[in-house]
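A closer look at the structure
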Amino acid sequence: MKLKRSLALTLAAATLSGMLAGCGSTTAGQETPPASTPSQPTAQQLSAETEQTVKTPKYVFLFIGDGMSYPQIQSTSDFLGALNDEDYWQAAPSLDDNQGAILDGPEYLNFMNFEAAGSAVTFDSNSFAPDSASTATSISTGHKTYSGSINVDETGTVAYETIAEQLKAQKDYKIGVISSVNLNHATPAAFYAHQASRSSYYEIGLELIDSGFDYFAGGGLLKPTGSEGDQADLYDLATEAGYKVVKTQAEAETVSSEDGKVILIDEHLADGDAMAYEVDRTDDMWSLADYVEKGIEVLDNDNGFFMMCEGGKIDWACHANDAASAIHDTQALADAVQVAVDFAEEHPEETLILVTGDHETGGMTIGFAGTDYDTYLDLLENQKISYAKFDSDYVAAYKENKTPFEDVLKDIEALFGLKTQGEEGDKLVLTAYEQEQLRAAYEKSINGTAASQYEQEEYVLYGTYEPLSVTITHIINNKAGISFTSYSHTGLPVAVLAHGVNAEVFNGYYDNTEIYNKLADMLDVA
């Protein structure tokens, strides 16, 4: 197998290490002296070494995959590898049969090849399974807080200044905030807002305007006229404050640095006034990468800039246990990262790129009890639509028209590839058990018929999502060899991948607050 060489190198290194260790042993008959503890450098020595090597990057890109941890990254990589592997279907079917084809392996995403790789622990002040508000607060300010709080302490009375605010005030950097979800949602808000509750959308929107940041782009603002719809429109207030507010793609294409402060709202808003899922996006619609490219054009200046870009719909897809949508949005984040990589090639001595997650969502795993050691990840390519678009474009009509189950199955085959009949060995053919799962979910969604007498069992089956949609994605996930343990966040650590100036600083295993601390030290802000 192609993996044997790297394994052999690992073993050879271990053997060499042992041989070298043996060189220090005493001759026969002599007593071996006790092992001594290697001397460790002092904090002052480390600080001195750091001062000599750490530069101040002029351009900083921070990409946050919301809900993205190692499972989301690796499943995307493996999915792409499966699509490009001609021998994938012919691979050995079990550990007992080594006569099959050799797998080519994953196709690494661009940031998986970054020169530095670290891991960050994500717990917050009240949970090992934290939320986006508290974890983004840790990343942007270096402080822990309660789930649901943004840049304030546990009492909600002490506000923390963010890395973006510090760079704006102390270094005159231009600042950009991009998100595929709402611009006043928790993660983007964590770079400019200070609220005890992440649900204070209107107040967060006011802080967005007051921030004076130079570039906001992506999803629309939640509650732009307040929770009761009776307050001044945030978009109007932004215009009055000197922002150019753009809501069409044609106008966005003409935006430049000469326009000053801008807010670009995606023209094709989908569920929850966020950008469309990547699997639903058409070629004529702007992607996350397009907003990064436009951001560079708007922000580039002699002093430098800081850009935070969130792939927020990775999280939303994983909440709904929609593996295919999560994978496509992880690809979209990688495409956005590539824009920064291309920029860094033109400014290699001045640019730092970080890619991380705030937390993991869904307890996503590569492996399922029903497929044993096998995966069939390319089956996910048959899913042509996100769970959210299926809900809005199909399930809503099924409810209104009381569409027969047999007709629903036809749409499921067209949109997800799942079928009731097929050739022998076709892994997309539904088993009798899976057909019954779908029928029960159909009855629950369309007719409100309970699938179980136990409320707990119904939650395990569907969470808070449309029963039919989540059952479809569960089935195709499982057939592919992907499974989820939760509809919520989990406590997994997240990757911290770095490229460019000072990348090596982000190697290691540390708390997520260290992301801020490392950035603040090298950028000389406090």
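What counts as what
The written sequence of each chain sets the order in which its residues are numbered from 1. Per-residue local features are limited, in this predicted model, to residues with pLDDT of at least 70; the limit for side-chain atom pairs, both in listing and counting, is 80 or more; totals at the level of whole chains, interfaces and linings are taken over all residues. Hydrogens and waters are ignored; side-chain quantities use all the structure's heavy atoms. UniProt positions are given in the numbering used here, feature names are shortened, and annotations may be inferred rather than shown by experiment. Secondary structure counts use DSSP, requiring at least four H or I residues in a row for a helix and at least two E residues in a row for a strand, with both numbered from the N terminus. The buried label applies to any residue whose accessible area, calculated with a 1.4 Å probe on protein chains only, is under 20% of its type's maximum; exposed applies above 50%, and partly exposed to all values in between. The span expected for a helix works out to 1.5 Å for each residue beyond the first. The arc refers to the directions leading from the helix axis to the C-beta atoms. Two aromatic rings from Phe, Tyr or Trp, using only the six-membered ring of Trp, form a pair when their centres are within 6.5 Å; if the ring planes differ by under 30 degrees the pair is stacked, by over 60 it is edge-to-face, and anything between is tilted. Should the NZ of a Lys or the CZ of an Arg lie within 6 Å of a ring centre and within 35 degrees of the ring normal, that charge is described as sitting over the ring. Counted as salt bridges are all cases of a side-chain nitrogen of Lys or Arg within 4 Å of a carboxyl oxygen of Asp or Glu. We call two residues in contact whenever any of their non-hydrogen atoms come within 4.5 Å of each other. Here a polar contact is recorded for every N or O atom pair within 3.5 Å, except that within protein the pair must consist of a potential hydrogen donor and a potential acceptor, and residues adjacent in sequence are included only if both atoms are side-chain atoms. Strands are labelled as partners when DSSP assigns at least two bridges between them. Every axis corresponds to a line fitted to the C-alpha atoms, with the helix fit spanning only the stretch in contact, and the corresponding angles, defined between N-to-C directions, vary from 0 to 180 degrees. For classification purposes, an angle smaller than 35 degrees is called roughly parallel, one larger than 145 roughly antiparallel, one from 65 to 115 roughly perpendicular, and anything else oblique. When residue character is reported, Ala, Val, Leu, Ile, Met, Phe, Trp, Tyr, Cys and Pro are called nonpolar, Asp, Glu, Lys and Arg charged, and the others, Gly included, polar. Definition used in this section: a nonpolar core is a set of buried Ala, Val, Leu, Ile, Met, Phe, Trp, Tyr and Cys residues joined via side-chain atoms within 4.5 Å. A domain assignment, automatic or from a database, supplies the domain bounds used here.

As annotated in an unreviewed UniProt entry, the protein chain carries the name Alkaline phosphatase family protein and comes from Pseudoflavonifractor capillosus ATCC 29799. Under the UniProt heading Sequence similarities (unreviewed entry), the note attached to the protein chain is "Belongs to the alkaline phosphatase family."

Description of unusual backbone geometry
Even without a glycine there, the phi angle at aspartate 273 is positive, about 55 degrees. Take aspartate 273: it is sitting in the loop between β6 (262–265) and α10 (288–299). Among the residues examined, aspartate 273 registers a relative accessible area of 39% and is labelled partly exposed. Not every positive phi belongs to a glycine, and aspartate 372 is a case in point at roughly 55 degrees. Note that aspartate 372 resides in the loop between β10 (365–366) and α13 (387–401). Under the relative-accessibility criterion, aspartate 372 is labelled exposed at 57%.

Focus on helix α15 (residues 432–447)
Its 16 residues give α15 an end-to-end C-alpha distance of 22 Å, which sits within 8% of 22 Å, the value for a rise of 1.5 Å per residue. Those residues of α15 lying buried are Glu434, Leu438, Ala441, Tyr442, Ser445 and Ile446. What you see down the axis of α15 is that its buried residues fit within an arc of 115 degrees, all on one side. Turned more than 90 degrees away from the buried face of α15 sit Ala432, Tyr433 and Glu436, all of them exposed. Looking at the residues trailing α15, positive phi occurs at glycine 448, about 70 degrees.

Section: the packing of aromatic side chains
As enumerated under the stated definition, the model contains 21 aromatic pairs in all. Between phenylalanine 213 and phenylalanine 216, the aromatic rings sit 6.1 Å apart at their centres with planes inclined by 15 degrees, giving stacked as the arrangement. We note that phenylalanine 213, like phenylalanine 216, is buried. Between phenylalanine 405 and tyrosine 442, the aromatic rings sit 5.2 Å apart at their centres with planes inclined by 55 degrees, giving tilted as the arrangement. A residue pair is termed long-range when its members are at least 10 positions apart, and phenylalanine 405 in helix α14 (residues 405–416) and tyrosine 442 in helix α15 qualify at 37 residues. With a relative accessible area of 7%, tyrosine 442 lands in the buried category. Through a chain of ring-to-ring contacts, the aromatic side chains of Tyr59, Phe61, Phe63, Phe305 and Phe343 assemble into a single cluster. Cation over ring: lysine 313 sits above tyrosine 277, and NZ or CZ is 3.8 Å from the ring centre.

Overview of the pattern of salt bridges
Taken as a whole, this structure holds 16 salt bridges when the rule is applied. Residues aspartate 214 and lysine 168 are paired through a salt bridge, measuring 2.8 Å at the closest nitrogen-oxygen approach. With aspartate 214 in the loop between α7 (201–211) and β4 (215–219) and lysine 168 in helix α5 (residues 163–171), this pair connects stretches of sequence that are 46 residues apart. The salt bridge partner of lysine 419 is aspartate 426, with a shortest N-O separation of 3.0 Å. Using a relative accessible area of 18% as the deciding quantity, one classes lysine 419 as buried. Taking relative accessible area as the criterion, aspartate 426 reaches 25% and is therefore assigned partly exposed.

A few points about the UniProt feature "binding site: Zn(2+)" (unreviewed entry) in the protein chain
Mapped onto this numbering, the UniProt entry gives "binding site: Zn(2+)" (unreviewed entry) at Asp66, Asp315, His319, Asp358, His359 and His489. Separation in sequence by 424 residues is not matched in space for these annotated residues, since their most distant C-alpha atoms are only 14.2 Å apart. Along the chain, histidine 319 falls in helix α11 (residues 313–319). With near-sequence residues (within four places) excluded, histidine 319 lies in contact with Thr361, Tyr465, Tyr487, Ser488 and His489. Within polar-contact distance, the side chain of histidine 319 engages the backbone oxygen of tyrosine 487 at 2.7 Å. Looking at the secondary structure, you find histidine 489 in strand β12 (residues 489–490). Assessed through its relative accessible area of 16%, histidine 489 is described here as buried.

Describing the pairing of strand β13 (residues 494–500)
The buried fraction of β13 is high, at six of seven residues. In terms of strand pairing, strand β2 (residues 116–121) meets β13 through five bridges, oriented antiparallel. Along β13, the bridge assignment pairs alanine 120 with valine 494. Two strands pair when backbone bridges link them, and strand β8 (residues 351–357) and β13 are joined in this way by five bridges, in the antiparallel orientation. Of the residues in β13, the one forming a bridge with threonine 356 is valine 496.

So, the packing of helix α3 (residues 70–83) against helix α12 (residues 323–346)
Contact geometry for α3 and α12: axes closest at 9 Å, N-to-C directions at 90 degrees. It follows that α3 is roughly perpendicular to α12 by the angle criterion. Along the contact surface, α3 presents Gln72, Ser75, Thr76, Phe79 and Leu80, while α12 presents Ile327, Thr330 and Gln331. For the contact of α3 with α12, the residue count by class is three nonpolar, five polar and no charged.

Digging into the nonpolar core
Counting residues in hydrophobic clusters, the biggest one holds 87 residues, and the most contacted among them are Phe61, Phe63, Phe111, Leu264 and Leu468. At 13 residues, α12 tops the list of elements feeding residues into this core. Counting only domains with at least three residues in this core, you end up with domain 1 (59–365 + 487–523) and domain 2 (376–480). Grouped together as the second largest cluster of nonpolar side chains are 52 residues, Leu167, Ile209, Tyr235 and Tyr516 included.

Some thoughts on the UniProt feature "active site" (unreviewed entry) in the protein chain
Using the residue numbers shown here, the UniProt feature "active site" (unreviewed entry) corresponds to Ser132. As for its position among the elements, serine 132 is in helix α4 (residues 132–141). Excluding anything up to four places from it in sequence, serine 132 contacts Asp66, Ala186, Thr187, Arg198, Asp358, His359 and His489.

Description of the side chain of serine 179
On the secondary structure map, serine 179 appears in strand β3 (residues 174–182). Among the polar contacts made by the side chain of serine 179, one reaches the main-chain amide nitrogen of valine 181 at a distance of 3.0 Å. Those residues in contact with serine 179 that sit more than four places away from it in its chain are Pro188, Ala217, Gly218, Gly219, Met275, Leu288 and Glu310.

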